[in-house]
Amino acid sequence: MDKPSIFISGGAGGIGLATAKHFASRGWRVGIGDVNPAQLAQARAEADVETFEHDVTDYAAWERVLEAFCGPGGGLDALVNNAGLLTFGWLDEEDPASFAAVVDVNVKGVLYGSHAGVKRLARGTHPCLVNLGSLASLQAPPILALYAATKFAVRGLSEALDLAYLRHGVRVACIEPFCVDTPMLDVDAPSGQNYRAAIQAQEILAVEDVASAIWDAVHGEALHYPVGASPSQIISEIGPRFEAERARLRQAYGLQPPAPRPRP
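A brief report on the enclosed structure follows.

Procedures and definitions
- Residues numbered from 1 in each chain as written.
- Predicted model: local features only at pLDDT ≥ 70, side-chain atom pairs only at ≥ 80, totals over all residues.
- Heavy atoms only, no water.
- Helix = DSSP H or I, 4+ residues; strand = E, 2+ residues; numbered from the N terminus.
- Contact = heavy atoms within 4.5 Å.
- Core = buried A, V, L, I, M, F, W, Y, C linked by side-chain atoms within 4.5 Å.
- Buried < 20%, exposed > 50% of the residue type's maximum accessible area, 1.4 Å probe, protein only.
- Pairing = 2+ DSSP bridges.
- Axes fitted to C-alpha atoms, helices over the stretch in contact; angles between N-to-C directions.
- Right-handed = clockwise from strand over helix to strand, strands pointing away.
- Phe/Tyr/Trp six-rings, centres within 6.5 Å; stacked < 30°, edge-to-face > 60°.
- Lys NZ or Arg CZ within 6 Å of the ring centre and 35° of its normal.
- Parallel < 35°, antiparallel > 145°, perpendicular 65-115°, else oblique.
- Nonpolar A, V, L, I, M, F, W, Y, C, P; charged D, E, K, R; others polar.
- Expected span 1.5 Å × (residues − 1).
- Arc of directions from axis to C-beta.
- Polar contact = N/O pair within 3.5 Å; in protein donor to acceptor, adjacent residues only side chain to side chain.

### Here's the deal with the environment of Thr87
In step 1: Tracing the backbone shows Thr87 in the loop between strand S4 (78-81) and helix H4 (99-121).
In step 2: Distance in space between the C-alpha atoms of Thr87 and Asp188 is 7.9 Å, their sequence separation being 101 residues.
In step 3: With residues up to four places along the chain from it excluded, the contact list for Thr87 reads Glu94, Val102, Leu144, Leu146 and Tyr147.

What follows is the structure, given as structure tokens:
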């Protein structure tokens, strides 16, 4: 029996690598893409993964990498749009030259992955597209204006595709963690303030917590998967209204959700 397959962007470190290890240890065939060749080599040494140099802001690269991983006409069971960038500080103090890179990776990269991936996912078994949101996709901190803007975009895209991709039998999930212990926390604001130091009194999640949520999402039925106390509280508040509208739109468009992936 063929192994189920998953491709993870930004998979050579942090949440991406933890997710790769989580799925590989449970018998999945795992492909990861990243722009850092040295980290890809390290990932190969740490986990049973196939690696690809991959710039998520290049649509042709998405097509090339997915074709290489899936094979001509091949399917994909899960795709995780994980690659992301974070800047920290007051928006008016940030260099506007930095905006494009964050928007390109966090928004364009997810759009490209969602677009290039759906035809492969449609050939998979119980397929699921997973997008990495954030607490900042539910509530915008004033010191993360640019990052929050991109993560709100990811949330909006996920909510739209949650319905639109039912046409292809593909589920969509959006993971919304609080702060995660990755190098992203070590960025500095233009003022010199360190992000990790600024949030030291708040909850910080392990990368394995998010990897576990991604596993649940691939085997679940929900759209929103909050991780941590703050996003969980927000989802509990907005969830009933969201689910009611989700059900209304499914009925209005004649869309039926596929059966979830059976848990091993």
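From this point, the discussion proceeds with the structure in view.
### Overview of the nonpolar core
A general feature of soluble globular proteins is that nonpolar side chains tend to end up buried together.
In step 1: Counting residues in each nonpolar core, the largest one holds 51 residues, and the members touching the most others are Val30, Ile175 and Ile214.
In step 2: Among the elements that take part in this core, helix H7 (residues 207-218) stands out by supplying 8 residues, more than any other.
In step 3: In this view, Ile214 contacts Ile15, Thr19, Phe23, Val80, Val130, Leu132 and Ile175; residues no more than four positions away in its chain are not counted.

### A word on the sheet that holds strand S3 (residues 50-53)
In step 1: Strand order in the open sheet formed by 7 strands is S3-S2-S1-S4-S5-S6-S7, and the pairing between neighbours is parallel. Two strands bound the open sheet, and with one partner strand each, they are S3 and strand S7 (224-227). Taken pair by pair, the neighbouring strands of this sheet meet at an average axis angle of 15°, ignoring direction.
In step 2: Where strand S1 (residues 5-9) lies against strand S2 (residues 29-34), 5 bridges are found, and the strand directions are parallel. By the bridge assignment, Ser5 is partnered in S2 with Arg29.
In step 3: Those strands touched by H4 are S4 and strand S5 (128-132), and its axis lies near 175° from that of S4.

### Quick notes on the pairing of S1
In step 1: With 5 of 5 residues buried, S1 lies mostly within the body of the structure.
In step 2: Residues Ser5, Phe7 and Ser9 point to one face of S1 and Ile6 and Ile8 to the other, with burial holding for every one of them.
In step 3: Read as a crossover between parallel neighbours, the route from S1 over helix H1 (residues 14-24) to S2 is right-handed.
In step 4: Pairing analysis gives 3 bridges linking S1 to S4, with the strands arranged parallel. Bridge pairing in S4 links Ile6 to Ala78.

### Points about the packing of aromatic side chains
In step 1: Considering all chains together, one arrives at 9 aromatic pairs under this definition.
In step 2: An aromatic cluster of three or more residues is present, and its members are Phe7, Phe52, Trp62 and Phe69.
In step 3: Just above the ring of Phe69 sits the side chain of Arg29; from NZ or CZ to the centre is 4.0 Å.

### Here we look at the packing of H4 against helix H5 (residues 145-164)
In step 1: One way to put it is that H4 packs onto H5 with a least axis distance of 9 Å and a crossing angle of 10°. When the axes of H4 and H5 are compared, the pair comes out roughly parallel. Along its contact with H4, which presents Phe99, Val102, Val103, Asn106, Val107, Val110, Leu111 and Ser114, the element H5 presents Leu146, Tyr147, Thr150, Ala153, Val154, Leu157 and Leu161.
In step 2: Partitioned by chemical class, the residues of the contact of H4 with H5 number 12 nonpolar, 3 polar and no charged.

### Some words on helix H3 (residues 59-70)
In step 1: For H3, with 12 residues, the first-to-last C-alpha span of 16 Å sits near the 16 Å given by 1.5 Å per residue.
In step 2: By the burial criterion, the buried members of H3 are Ala61, Trp62, Val65, Leu66, Phe69 and Cys70. Along the axis of H3, the buried positions cluster into a sector of 140°, meaning they face one direction only. Exposed residues lying more than 90 degrees from the buried face of H3 are Arg64 and Ala68.
In step 3: Tucked into the core, H3 has its buried residues touching S1, S2, S3, S4 and H4.
In step 4: One side-chain oxygen at the N-terminal end of H3 lies 3.0 Å from the backbone nitrogen of Ala60; it belongs to Asp58.
In step 5: Backbone geometry just after H3 places Gly71 at a positive phi near 85°.

### Remarks on the environment of Ala148
In step 1: On the secondary structure map, Ala148 appears in helix H5.
In step 2: Separated by 10 residues in the primary sequence, Ala148 and Leu138 place their C-alpha atoms 8.5 Å from one another.

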